[in-house]
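Analysis of the macromolecular model
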Amino acid sequence: MSVPQTPAKIYRGRVADQIVEDLRGQILSGSLPDGSRLPSERELAAYYDVSGPTVREAVRVLTAMGLVNTRNGSRATVTAQGDTLLAMSIASVVQVERVGAREVLGLLGALNAYAAELAADHAAEDEVGQLRTAAQNVSEAESAEECAAALRDFFFTLSEISGNPLLAALCRFLTETQIGLALKLSGGDGGDFGRVARPLHAQRMRIVAAVAAKDPRQAAAVVQEYHREALTRIAEVRGTGQEAAPLSETGLTEALTGWLRANVVLGGQVSPSRNSLS
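Scope of this entry: the structure provided in the associated data block. (Residues numbered from 1 in each chain as written. Predicted model: local features only at pLDDT ≥ 70, side-chain atom pairs only at ≥ 80, totals over all residues. Heavy atoms only, no water.)

1. Section: the overall build of the protein
Under the convention used in this document: Under the scheme used here, helices are H or I runs from DSSP no shorter than 4 residues and strands are E runs no shorter than 2 residues, and both carry numbers assigned from the N terminus. Should any heavy atoms of two residues lie within 4.5 Å, those residues are counted as being in contact. Shrake-Rupley sampling with a 1.4 Å probe provides the accessible areas, and residues are treated as covered by the protein chains on show and by no other component.
Looking only at helices and strands, one finds 12 helices and 2 strands in the protein. The linear arrangement of helices and strands in the protein, starting from the amino end, is α-α-α-β-β-α-α-α-α-α-α-α-α-α. Contacts in the protein between residues far apart in sequence, at least 24 positions, make up 74% of those at least 6 positions apart. Summed over all atoms, the accessible surface of the protein reaches about 13500 Å², with 50% contributed by carbon and sulfur.

See the structure below:
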């Protein structure tokens, strides 16, 4: 963003809000792309003809939106990543509307079923091969963290080969949420996450087979069956060696809310990718 000689005109009303809207528009339009730095506070103040505190207030709002990042007193950096924005928005809605864990994770089952249906319709042979390899990697992973990463890769691949970018983005966030919750409940990297993921290997291979056979109805049905079983296992899993009754609806929802608050709403750091190991 270059600072022109003529100051931007700010009209009556809440000045910081107008600055936020202007910068937000530039970020979402790509004029300020992801990774670029905002001008310094002094330059922004001169550009908008406002005080430094007003600029700082606007930057704080943009940071809360997940559009910029400020660390160690350095200039704000644009973080215009669709996955991050989507994650923060959905996490906020889940908490405001008091959405239950089974509703959130049930949505993932429905979306992944649709992704599998689309993939079965038009996935290329090499894409099916990628899905098959990803499924095999889950069963071969040794640590809980490796198993979680491989499971992410499997479902990220499934959503990507659906050919629908918005669907893929929604699936990535919800997959990250489900796996993150299961990791938390199972005790993290030193826990027993494998009790959730490994026993479902046969079902993952059935998903691959249905996509390879170009059978959309079967692909969707197998995915739904998979997610029902996965949700049951998530509610039952505890840290290694712990025996306890399955979590109640309230307990599962509280665990999910805690994970979202720590990893998305407060940290704003969840940006699902193939290399994500949150």
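Now that the structure has been shown, we can carry on.
2. A word on helix 2 (residues 41-48)
Under the convention used in this document: Partly exposed residues are those whose accessible area sits between 20% and 50% of the maximum for their type, while under 20% is buried and over 50% is exposed, using a 1.4 Å probe and protein chains only. Regarding the arc, it is the one traced by the directions from the helix axis to the C-beta atoms.
Every buried residue of helix 2 is accounted for by L44, A45, Y47 and Y48. Projected onto a plane normal to the axis of helix 2, the buried residues spread over an arc of 165° and lie on a single side. Phi turns positive, to about 60°, at D49, one or two residues after helix 2.

3. Notes on the nonpolar core
In plain terms, the rule: To qualify as a nonpolar core, a set must consist of buried Ala, Val, Leu, Ile, Met, Phe, Trp, Tyr and Cys residues joined through side-chain atoms within 4.5 Å.
In this structure, F154 and F193 are the most contacted members of the largest nonpolar core, which totals 64 residues. Counting residues per element, this core draws most heavily on helix 5 (residues 101-122), at 11 residues. In this structure F193 touches A144, C147, A148, L151, I179, A182, L183 and S186, once residues within four positions along its chain are discounted. Membership of the second largest hydrophobic core comes to 19 residues, among which are L23, L38, L44 and Y48.

4. Quick notes on the pattern of salt bridges
Spelled out, the test is: Any carboxyl oxygen of Asp or Glu within 4 Å of a side-chain nitrogen of Lys or Arg constitutes a salt bridge here.
For the structure shown, the criterion picks out 8 salt bridges. With its nearest N and O atoms 2.2 Å apart, the salt bridge here joins E249 to R102. Here E249, found in helix 12 (residues 249-265), pairs with R102, found in helix 5; they are 147 residues apart in sequence, far enough to count as distant. For R102, a relative accessible area of 31% translates into the label partly exposed. Between R152 and E176 there is a salt bridge, and its shortest N-O distance comes to 3.1 Å. Taken together, the residues span a long stretch of sequence, with R152 in helix 7 (residues 144-160) and E176 in helix 8 (residues 165-186) at a distance of 24 residues. Like E176, R152 is buried.

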